[in-house]
Amino acid sequence: MFAKLLIANRGEIALRVMRTARRMGIATVAVYSDADANAAHVAEADEAVHIGPAPAAQSYLNVAAIIAAARQTGAQAIHPGYGFLSEKAEFAEACAAAGIVFVGPPASAIRAMGLKDRAKALMAKAGVPVVPGYLGDDQSADRLAEEAARIGWPVLIKAVAGGGGKGMRKVERAQDFAAALDGARREAKAAFGDDRVLIEKYVARPRHIEVQIFGDSHGHVVHLFERDCSLQRRHQKVIEEAPAPGMSQAMRRKMSEAAVKTAKAVNYTGAGTVEFIADASEGLKADRFWFMEMNTRLQVEHPVTEAITGLDLVEWQLRVAAGEPLPRTQEQLSINGHAIEARLCAEDPQKGFLPSIGRLVHLKFPDDVRVDFGVRQGDEVTVHYDPMIAKLIAHDATREGAAAKLARAIRHTEVAGVATNAAFLARALSHPDFVKGDVDTGFIGRHSADLVRPPEITNGVLARAALFVAESRPHAPGYDPWDVHDGFRLTGAAKEIVEFLADGRKTAVELLHTSDGREPAIGGTPVEPAHAAAARMPNGDIAVMCDGETVILPLYDPFAGAEAAGAATDRITTPMPGRIVQVLVKPGERVTPRQPLAVLEAMKMEHTLYAPADALVATVDVSPGDQVLEGAVVVRFAKEKSAAA
Ligand code: ADP
């Protein structure tokens, strides 16, 4: 076994790999960019090497710098994690050339599976069922449109070099094809530097089911059963589970045989995932699944497989990379119970799931489920990297048990400083259709009204916030609360008042001093404070974390008055730096709530900016192609006397 391993990654995956390495007695080397000098993965490693500036292209994707770091520290092997260099054949080759073991498959296997069109063609030849579609070299818009019509609507446009759902568009009708193709190409070009696409039949009631496989250098290939990753948003996985609900033994056998065949066709070694799309319009059927692609690396969702098999997949990867045979044969593998994983991300469901950046003022996880986290309290979520904060994984004897356990764990997760999808995840896990196992990739879209709801500012939340304010007051002698204009007043010895701006309205919470402490009341009625954590944001606002929801309550400042509350409603600004790719409105145009105004490309994805309310566009302050900073004005609305106040 290796004595020292370099991990060419960051965040939760770097920490995950280090955990196993440490257990196996292998020393670890972290690499980091300028933005990550104080990151958790750097603190956790035995050694750390700086490899460049914050943008991934100059650091985590910098092959020469990473190879140099391995040489300099004497690491014998490099684990690429997922993302970044994990599926770059050139990196695997550069490792080999430097005499360093790449913890992953041979470069030839990565290459064979690297482009979706070639991989599909290869699998069709090997006798694995593939989704019908067009894989041709003629990339003219006319030809692609013709092929789409021939395949039959709806179709899916996919980037040939795609990954992470980028450069993918579903098209329902011929008249929408051209615009969708433009969008897919733009996104593919930005993310992969390659705008070639393929077209596939859009499978009805699609379910994403994938098989974990493992090969070694002694010619063995086994499968570790399937995972269901049908809960997706914009073709990106949100909740994953193992095994797949409703999977019959016959279908499992057929699918895992196809997966093993796929791996053997490319002389696969190490961990890999063969992804299939299944038509679940009449339940899962053994003859209604097709190969989509193979991921030649460990997957984000590997913990659910670890939970049901009781194995450590990173350990298997390291053993295989060191030339050992697979630790178990197929007959020695079995499924135990059910596991579900949810991806907790810094993103705002209220704003179309835009990534949310900022400092994690408060971060606390429950301790009754597995949590693979990448950031700690105090860390910054930046625009440079993936907005995932952590993965939470619950394992139980039954699927219902695992879902309930995970929903509860997410409701008990506390995050302040960035918006998260926690409440959304908890609602999805508790939704009656999810609990029934009635899942497909349309689940989130279908139920979005149930799953995305504004946080509720209950009296209990207000009471909790008021108690937090009162309890965190400095009690130093000579301190005079009257010096601070922030909504806190002492009104004689027996009572305090804390005033908030809740939903733009001033709300006062009275705290009566009794022998038991402070008792909150609103409008004279006693209020039971919510069971929730609270924290103070850098700007002084109070964050209350309740049931996976974080409510931000500004203290009422009589000197700022209503102006602060109303400031943001007359314009739309960019939530993060990026590039404007489309402007969809003109000055003088009337817009309605949720109407798209412009499209911003940031973090390699396109994000639509929407109108918050009925309004009249006064000015449009950006043009397509503009590079914009965070907070740049996109659209200004006219002041209208009659507008809803
Ligand atoms: P990426 O590599 O970008 O993740 P995939 O090819 O793995 O792209 O597809 C991502 C998701 O898109 C799938 O999990 C599935 O939900 C959906 N999808 C892909 N192909 C089809 C298809 N032919 N019909 C319906 N949905 C599909």
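Being a predicted model, the structure only gives us computed values, none of them experimental. (Residues numbered from 1 in each chain as written. Predicted model: local features only at pLDDT ≥ 70, side-chain atom pairs only at ≥ 80, totals over all residues. Heavy atoms only, no water.)

Draft legend 1. Spatial organisation of the overall build of the protein. Looking only at helices and strands, the protein features 18 helices and 39 strands. Taken over 645 residues, the protein has a buried fraction of 54%. For the protein, the share of sequence-separated contacts (at least 6 apart) that also reach a separation of at least 24 residues comes to 63%. Counting every atom, the protein has about 26,800 Å² of accessible surface; 51% of that belongs to carbon and sulfur. (Helix = DSSP H or I, 4+ residues; strand = E, 2+ residues; numbered from the N terminus. Buried < 20%, exposed > 50% of the residue type's maximum accessible area, 1.4 Å probe, protein only. Contact = heavy atoms within 4.5 Å. Areas by Shrake-Rupley, 256 points an atom, 1.4 Å probe, with all protein chains shown as cover.)

Draft legend 2. Seen up close, the packing of helix α3 (residues 63-73) against helix α4 (residues 89-97). Relative orientation of the contacting elements α3 and α4 amounts to 35°, with a least axis distance of 11 Å. For the pair α3 and α4, the sense of crossing is right-handed. For the pair formed by α3 and α4, the contact residues are Val-63, Ile-66 and Ile-67 on the first element and Phe-91, Ala-94 and Cys-95 on the second. Tallied by class, the residues present in the contact of α3 with α4 amount to 6 nonpolar, no polar and no charged. (Axes fitted to C-alpha atoms, helices over the stretch in contact; angles between N-to-C directions. Left-handed = near helix turned anticlockwise from the far one by under 90°. Nonpolar A, V, L, I, M, F, W, Y, C, P; charged D, E, K, R; others polar.)

Draft legend 3. Spotlight on the nonpolar core. Core analysis: the biggest nonpolar cluster contains 37 residues, and Ile-239, Ile-389, Ile-410 and Phe-434 have the highest contact counts within it. For this core, the elements supplying multiple residues, two or more each, are β12 (236-242), β15 (338-345), β22 (388-396), α12 (399-411), α13 (422-430) and α15 (443-446). In this structure Ile-389 touches Leu-344, Cys-345, Ala-346, Leu-360, Leu-363, Phe-365, Phe-373, Gly-374, Val-375, Val-415, Val-418 and Thr-420, once residues within four positions along its chain are discounted. (Core = buried A, V, L, I, M, F, W, Y, C linked by side-chain atoms within 4.5 Å.)

Draft legend 4. Highlighting the pairing of strand β1 (residues 4-7). Of the two faces of β1, the one holding Lys-4 and Leu-6 and the one holding Leu-5 and Ile-7 are both buried throughout. Here 4 bridges tie β1 to strand β2 (residues 27-33), and the two strands are oriented parallel to one another. The partner of Lys-4 across the bridge, within β2, is Ala-27. Once you follow β1 into helix α1 (residues 11-23) and on to β2, the crossover reads as right-handed. (Pairing = 2+ DSSP bridges. Right-handed = clockwise from strand over helix to strand, strands pointing away.)

Draft legend 5. Up close: the site of the ligand. The local shell around the ligand holds 23 residues, among which Lys-116, Gly-165, His-208, Gln-232 and Glu-293 are the closest. Gln-232 is positioned with one of its side-chain polar atoms (N or O) 2.5 Å from an oxygen atom of the ligand. Protein burial of the ligand: of its 550 Å² of free accessible surface, 96% is covered by the chains. Broken down by secondary-structure element, the contributors of at least two residues to the shell around the ligand are β7 (155-159), β9 (197-201), β10 (206-215), β13 (270-279) and β14 (289-295). For the shell around the ligand, the residue count by class is 8 nonpolar, 8 polar and 7 charged. (Near = heavy atom within 4 Å. Polar contact = N/O pair within 3.5 Å; in protein donor to acceptor, adjacent residues only side chain to side chain.)

Draft legend 6. Examining the sheet that holds strand β6 (residues 133-134) more closely. With antiparallel pairing, the 4 strands of this open sheet are ordered in space as β6-β9-β7-β8. Edge positions in the sheet fall to β6 and β8 (169-171), since each of these pairs with one other strand and no more. Across 2 bridges, the pairing between β6 and β9 is antiparallel. Following the sheet pairing, Tyr-134 is matched in β9 by Ile-199.

Draft legend 7. Highlighting the sheet that holds strand β4 (residues 77-79). With respect to topology, 5 strands assemble into an open sheet ordered β3-β2-β1-β4-β5, the strand pairing being parallel. Of all strands in the sheet, those with a lone pairing partner are β3 (47-52) and β5 (101-102), marking the two edges. The sheet contact formed by β1 and β4 spans 3 bridges and is parallel. Following the sheet pairing, Ile-7 is matched in β4 by His-79. Its contacts with the sheet put α1 on β1, β2 and β4, and the angle it makes with β1 is roughly 170°. Together, β1, β2, β3 and β4 form the strand contacts of α3, whose direction differs from that of β3 by roughly 150°.

Draft legend 8. Quick look at the packing of aromatic side chains. The tally for this structure, following the rule as stated, stands at 9 aromatic pairs. Centroid distance Phe-91 to Phe-102: 5.9 Å. Interplanar angle 85°. Geometry classified as edge-to-face. With a gap of 11 residues between them, Phe-91 in helix α4 and Phe-102 in strand β5 connect regions that are remote in the sequence. With respect to class, Phe-91 is no different from Phe-102; both count as buried. Between Phe-365 and Phe-373 the ring centres are 6.2 Å apart and the planes differ by 20°, which places this aromatic pair in the stacked class. Classification of Phe-373 as partly exposed rests on a relative accessible area of 35%. (Phe/Tyr/Trp six-rings, centres within 6.5 Å; stacked < 30°, edge-to-face > 60°.)

Draft legend 9. Structural view of α13. For α13, the buried fraction is high: 8 of the 9 residues fall into the buried class. Those residues of α13 that fall on the buried side of the exposure criterion are Ala-422, Ala-423, Phe-424, Leu-425, Ala-426, Arg-427, Ala-428 and Leu-429.

Draft legend 10. Quick peek at the domain arrangement of the protein. If you check the domain split of the protein, you get domain 1 (4-103), domain 2 (132-201), domain 3 (459-562) and domain 4 (568-637). The centre of domain 2, based on its C-alpha atoms, is set 26 Å off from the matching centre of domain 4. Contacts between domain 2 and domain 4 engage 7 residues on the former and 6 residues on the latter. In total, domain 2 and domain 4 occlude about 590 Å² of area from one another, counting both sides; carbon and sulfur atoms represent 51% of this. (Domains from an automatic or database assignment. Buried area = accessible area lost by both parts, 1.4 Å probe.)

Draft legend 11. The arrangement of the side chain of Ser-59 in detail. Counting through the fold element by element, Ser-59 comes out in the loop between β3 and α3. Beyond its immediate chain neighbours, meaning those up to four positions away, Ser-59 contacts Ser-33, Ile-51, Gly-52, Pro-53, Ala-54, Ile-66 and Tyr-385.

Draft legend 12. Region of interest: the environment of Gly-104. Within the fold, Gly-104 resides in the loop between β5 and α5 (107-114). Placed 257 residues apart in sequence, Gly-104 and Val-361 show a C-alpha to C-alpha distance of 37 Å.

Draft legend 13. Structural detail: the pattern of salt bridges. Summed over all chains, the structure comprises 51 salt bridges. In this structure, Arg-207 engages Asp-228 in a salt bridge whose closest nitrogen and oxygen atoms are separated by 2.5 Å. Placement of the pair is Arg-207 in strand β10 and Asp-228 in strand β11 (residues 221-233), with a sequence separation of 21 residues. Overall, Arg-207 belongs to the buried group, its relative accessible area being 5%. With a closest N to O distance of 3.6 Å, Lys-436 and Asp-433 form a salt bridge. Placement of both Lys-436 and Asp-433 in helix α14 (residues 432-436) is noted, with a separation of 3 residues, approximately one turn of the helix. Since its relative accessible area comes to 17%, Asp-433 is described here as buried. Here the residues in one salt-bridge network are Arg-16, Arg-19, Arg-23, Glu-306, Asp-312, Glu-315, Arg-319, Glu-324, Arg-370 and Asp-372, joined through shared partners. (Salt bridge = Lys/Arg side-chain N within 4 Å of Asp/Glu carboxyl O.)

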